[in-house]
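Observations on the model geometry
Read off the chains here:
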Amino acid sequence: MIAYLIRRFGQALLVMAVMATIVFFGLYAVGNPVDLLINPEADLAEQEETIRRLGLDKPIHIQFGYFLAGLTQGDLGTSFVHNRPALELILSRLPATLELAFMGILIAVILGIPLGMIAGLKPDAPYSRFIMAGSVVGFSTPNFWQGLMLIMLFAVFLGWLPAGGRGETVDVLGIPVSFLTWDGLSHLILPAVNVAIYKMSLVIRLTRAGTAEIVHQDYVKYARARGLSPRRVVGVHVLKNILIPVVTVLGLETGNVIAFAVVTETVFAWPGIGKLLIDSIGLLDRPVVVAYLMLTVFLFVMINLVVDIAYSALDPRVRVKRGKA
Amino acid sequence: MKKLTIAAVGLLLGTVSQPALAQSLIAGFASEPSSVDPLYHNLGPNNATRKHMFEALVGEDENLGIVPMLAESWETSEDGLTWTFKLREGVKFHDGGDFTARDFLYTACRIPNVPNSPSSMTGFIKRADTIEAPDDMTVQVTTPAPYPLLLTDFASFGVISASANGHDGPVTYSKDGCAGIDSYLDSSAYNDGTATIGTGPFKFVEFVPGERVVMARNDGYWGDAPHWEEITIRPITNEGARVAALLAGDVDVIEKPPVQDLERLQSDPNVNIVQGASSRVIYLHFDHEGEPSPMIEGTDGKNPLKDVRVRKAISLAIDRPLIVDRIMGGLAVPARQLVPDFMLGVDPAIALEEPNVEEAKRLLTEAGYPDGFTLTIGSPNDRYINDSKIAQAVAQMLTRAGIKTDVDAVTASVFFKRRNNYEFSLYLAGWGSSGAGMASPLRALVASQNKEKGLGGTNRGRYSNAELDAVIEEALATVEPEAHLALLQKANNMVVDDVAILPLHFEVTPWALKAGLTMTPRADQHTVLTTVRPAN
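This one's a predicted model, so the numbers in the text were calculated from it and none came from an experiment.

Turning next to the overall build of chain A. The helix and strand tally for chain A stands at 14 helices and two strands. Per-residue burial for chain A yields a buried fraction of 40% across its 325 residues. Contacts in chain A between residues far apart in sequence, at least 24 positions, make up 72% of those at least 6 positions apart.

Structure (structure tokens):
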């Protein structure tokens, strides 16, 4: 197991290094941040002075050398725009995004799995058809549009919930969270639903397919024949066996939400890392973009690892195989 | 019974105190300040935010005219080299400290020394040779040569408190570093509020990056008391979300409502639209140097844009009122000069040009291009209002006149890099003039590039005209107002006659407010919430 973990970490480091290199040189090719950061009234001497101060006058390979040197000391660089260490900047925005992502996933799971099972157990019932039609709408309409529609309906038209921003936060172990106050929660609901809709549709379809297949398996029939209550048959024997694909997909999707909730965060002016990324790309704030993507790669590798471990908890066969390997 | 009465009174008070609750204002900004440090980053959102908390030595009114602010009056010496500012008495900083000349000197000391500033304010003080305080209420500035734009420069940065920055005792300013001050506070000391002490109408409360800047009324303010007890600036970068936030009542005022929604917002009884002319000109700049020019074909390697007849033909081929009407939805004013009518240096005798395609074709033939040529316009597509659509319209108009024109529109970061590498033959960009009026675009856009003299910083068409340079340099060294104006107008006429650059229109800036509120639009497009008030 330990050898396995070390190998996974090694892979993560390799992918992070490749990613950092590509992004570093890629952004250099796109443009010069000073063109965007500096006041246009600044004369040529000031423009050159700023370029020099940010270290952008050096050849790119030298800049990359400085970056690598900093990296060995755990320094991912300082944001050109915000004058704060890039990693610190990202971590300060991370709680908002994590909160949004987990709330979204939670909604998707709590609603998606039961709905999917209902649709799978009674595929021909009118309500099942309705659920499935809803799920098609859910993942075929653009996230961006859904967000605006949610705002128009619940914030502008009905006036129940705020249209965006993050509400009141309270510190839990030094981390600001918003779901503990009503104001914070009311700000969280719409963006979380916006994140949840697509995942929920996915969960519904996966669960339904799994359920429809598994209810006809011999062991389910046998469980029924043994006289187990339908609740136990569905809740334990069926549920446990449909969870594997659901967990895999949700794992990847969690990573996706955390790393790329850009659309939702932009539409709802949610101060998370997705918005930080898009703003930083727009301003070519290279240290932030590079640090962000390195962190993202790390996150994905870690999530995949957690998913693999979750498999072995859910499915003993995986455990056996790994033991042999 | 008594309890009931108290409850009733409380209820009554509750209803009565409702208006007090309504005295907080929330604004949705299109972009966020990178810091609340007034000297850290010389850029639009930072400067707009700064104006609430920090005041400059002299102020700029909504049309960018110079007005007294922290300095009550000023005068220049006979030779134009010495400026004496009399400071306003009784101005207090938010922490209760007195504002004196020492604070201005400290501000000047910190400007070149703000750690890691991505765009510093150094340009605003570098013309000053010495800055001295003969007494607590006087600031005296000398310049090596007469310099008429000193007031505009001093209007551009907020004055910070020396004591709040940890410096007690006198300050001596020197160009090469101030004696006795070894280190300066980082912008983070401002972002967390420790040093965010100004003299402005609002005090700093809180800055949460990505979320909000909160400010509270400064009850000790020397000027008119602001209407709002508390103001909050929320960055909402997406324009659709910004409009939704206004319609949902989350915010009371938004800047830059999308042009395509403006008509609908105007007809909404819950929304009030305020708009005002800005100093931002949208222009086309020609490649005056390349031979051959990178994006021109069909001329056997010649650069036709060096011929003034071709430039005139291009100008005549463009129907500016049509662009204003069809593409800008009326939110622009056609231009021929580089600053709008209400600013310094405009020559009222220069009329707008009537578009004339036949004359344009004739001029092209005369210049030796009877069959025209092929040209590509470079343009950003996310920087100015409808930028790439304007470029498309210009391309169609030029094509009609015989110059087959394409558009190469890219995102701002790529556009500026390519522009600064001189990859375009004709490019579209914008210029927001400061209170200096015509002097601002003259020295940046059409004066020959000259690093030592600080000229031609954004002249990426590499226009170079020695005669014009001489007039501009003279104007920039003439303090006497009438002579300064005459020189600006002279230079302006030379630019127009030679079609050195092609102004298209001035942007009109809209703001959307909750019905019942109004504000004063500013020509520099800054959203200053101090001017938001109930409409009556």
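There's more to say after this.
A few words now on the overall build of chain B. Helix and strand counts for chain B stand at 16 helices and 20 strands. Against the 2.2 N^0.38 benchmark of 24 Å for 536 residues, chain B shows a C-alpha radius of gyration of 25 Å, consistent with a compact globule. Dimensions of chain B, computed from the C-alpha atoms along their principal axes, are close to 95 × 60 × 40 Å. Looking at the 536 residues of chain B, the share that counts as buried comes to 51%.

Residues and elements named next belong to chain B. In this model, E291 is joined to P292 through a cis peptide bond whose omega is 0°. Tracing the backbone through its elements, the reader meets P292 in the loop between β12 (271-286) and β13 (296-297). One non-glycine residue, K256, lies in positive phi territory at about 45°. Mapped onto the secondary structure, K256 falls in the loop between β11 (253-255) and α8 (262-267). Positioned with a positive phi, Y422 is a non-glycine residue whose angle comes to about 55°. Positionally, Y422 belongs in the loop between α13 (412-420) and β17 (426-432).

Residues and elements named next belong to chain B. Spatially, β4-β5-β7-β6 is the arrangement adopted by the four strands of the open sheet, whose pairing is antiparallel. At either margin of the open sheet sits one strand with a lone partner, and together these are β4 (71-76) and β6 (130-135). Neighbouring strand axes in the sheet, compared pairwise and without regard to direction, differ in orientation by 20° on average. With five bridges connecting them, β4 and strand β5 (residues 82-87) associate as antiparallel partners. In the sheet register, W74 faces β5, and the bridge partner there is F85. Relative to the sheet, helix α4 (residues 101-110) contacts β5, β6 and β7 (138-142), its axis offset from that of β6 by approximately 165°.

Attention shifts here to the packing of helix α1 (residues 2-30) of chain A against helix α13 (residues 286-314) of chain A. Residue and element names in this part refer to chain A. Where α1 meets α13, the axes come as close as 9 Å, and the angle between the chain directions of the two elements is 155°. Judged by the inter-axis angle, α1 sits roughly antiparallel to α13. Pair α1 / α13 crosses with right-handed handedness. Contact with α1, carried on its side by R8, Q11, A12, V15, M16, M19, A20, V23, F24 and L27, involves R286, V289, V290, L293, M294, V297, F298, V301 and L305 of α13 and no other residues of that element. The class makeup of the residues in the contact of α1 with α13 is 16 nonpolar, one polar and two charged.

Another point: the confidence of the model for chain B. Residues and elements named next belong to chain B. Of all residues in chain B, 96% have pLDDT values of 70 or greater, and the mean over the chain is 91. Note on residues 1-21: pLDDT under 50 across the span, and zero contacts to partners over four residues away in sequence or across chains. Across the interfaces of the predicted complex, the ipTM metric reaches 0.81, alongside a pTM of 0.85.

Further remarks concern helix α4 (residues 60-72) of chain A. Taking 1.5 Å of rise per residue, the 13 residues of α4(A) would be expected to cover 18 Å, and the 19 Å separating its terminal C-alpha atoms lies within 8% of that figure. Within two residues after α4(A), G74(A) carries a phi angle of roughly 75°, on the positive side.

With that settled, the discussion passes to the domain arrangement of chain A. All names here are of chain A. Structurally, chain A comprises domain 1 (2-72) and domain 2 (94-322). Centre-to-centre, using C-alpha coordinates, domain 1 lies 34 Å away from domain 2. Contacts between the two partners involve 15 residues from domain 1, matched on the other side by 12 residues from domain 2. Mapped by element, the contributors of at least two residues to the side of domain 1 that touches domain 2 are α1 and α2 (33-37).

We now examine the pairing of β5(B). Residues and elements named next belong to chain B. Here β5 shows a clear split, with W83, F85 and L87 buried on one side and none of T82, T84 and K86 buried on the other. Here β4 folds back onto β5, and the loop between the two strands holds five residues, one of which, G80, carries a positive phi near 75°. Where β5 meets β7, five bridges bridge the pair, whose relative direction is antiparallel. Looking at the pairing, K86 lines up with T138 of β7.

Let us look at the nonpolar core. Membership of the largest hydrophobic core comes to 196 residues, with the highest contact counts inside it found for L57(B), L105(B), A244(B) and V394(B). Per-element tally for this core: the top contributor is helix α8 (residues 182-214) of chain A, with 13 residues. In this structure, L105(B) is in contact with I131(B), A133(B), V171(B) and Y173(B), ignoring residues within four places of it in sequence. Within the second largest apolar cluster, 18 residues are counted, among which are L76(A), I273(A), V288(A) and V290(A).

Residue and element names in this part refer to chain A. Listed in full, the buried residues belonging to helix α3 (residues 44-53) are E46, Q47 and T50. Each buried residue of α3 lies within a common arc of 105° when the element is viewed along its axis, so the set occupies one face. Buried residues in α3 make contact with α2.

Counting residues at the interface gives 44 residues for chain A and 40 residues for chain B. Looking at the side of chain A that touches chain B, the elements that each hand over two or more residues are α2, α3, α7 (143-157), α11 (262-267) and α12 (273-282) of chain A. Looking at the side of chain A that touches chain B residue by residue, the class counts come to 24 nonpolar, 12 polar and eight charged.

Pairs of packed helices are described in terms of their axes, by the angle between the two and the distance that separates them. Residues and elements named next belong to chain A. Running from N to C, helix α5 (residues 86-121) and α13 cross one another at 60°; their axes reach a closest spacing of 9 Å. As far as their axial angle goes, α13 and α5 are oblique. α5 and α13 meet at a crossing whose hand is right-handed. Between α5, through A86, L87, L89 and I90, and α13, the contact on the second element is made entirely by P287, V288, A291, Y292 and L295. Taken together, the residues that form the contact of α5 with α13 break down as nine nonpolar, no polar and no charged.

Quick notes on the rules
- Residues numbered from 1 in each chain as written.
- Chains lettered and ligands numbered in written order.
- Predicted model: local features only at pLDDT ≥ 70, side-chain atom pairs only at ≥ 80, totals over all residues.
- Helix = DSSP H or I, 4+ residues; strand = E, 2+ residues; numbered from the N terminus.
- Buried ≥ 20, exposed ≤ 12 C-beta atoms within 10 Å, placed from the backbone.
- Contact = placed C-beta atoms within 7 Å.
- Rg over C-alpha atoms; globule rule 2.2 N^0.38 Å.
- Pairing = 2+ DSSP bridges.
- Axes fitted to C-alpha atoms, helices over the stretch in contact; angles between N-to-C directions.
- Parallel < 35°, antiparallel > 145°, perpendicular 65-115°, else oblique.
- Left-handed = near helix turned anticlockwise from the far one by under 90°.
- Nonpolar A, V, L, I, M, F, W, Y, C, P; charged D, E, K, R; others polar.
- pLDDT = per-residue confidence, 0-100.
- Expected span 1.5 Å × (residues − 1).
- Domains from an automatic or database assignment.
- Core = buried A, V, L, I, M, F, W, Y, C linked by C-beta atoms within 7 Å.
- Arc of directions from axis to C-beta.

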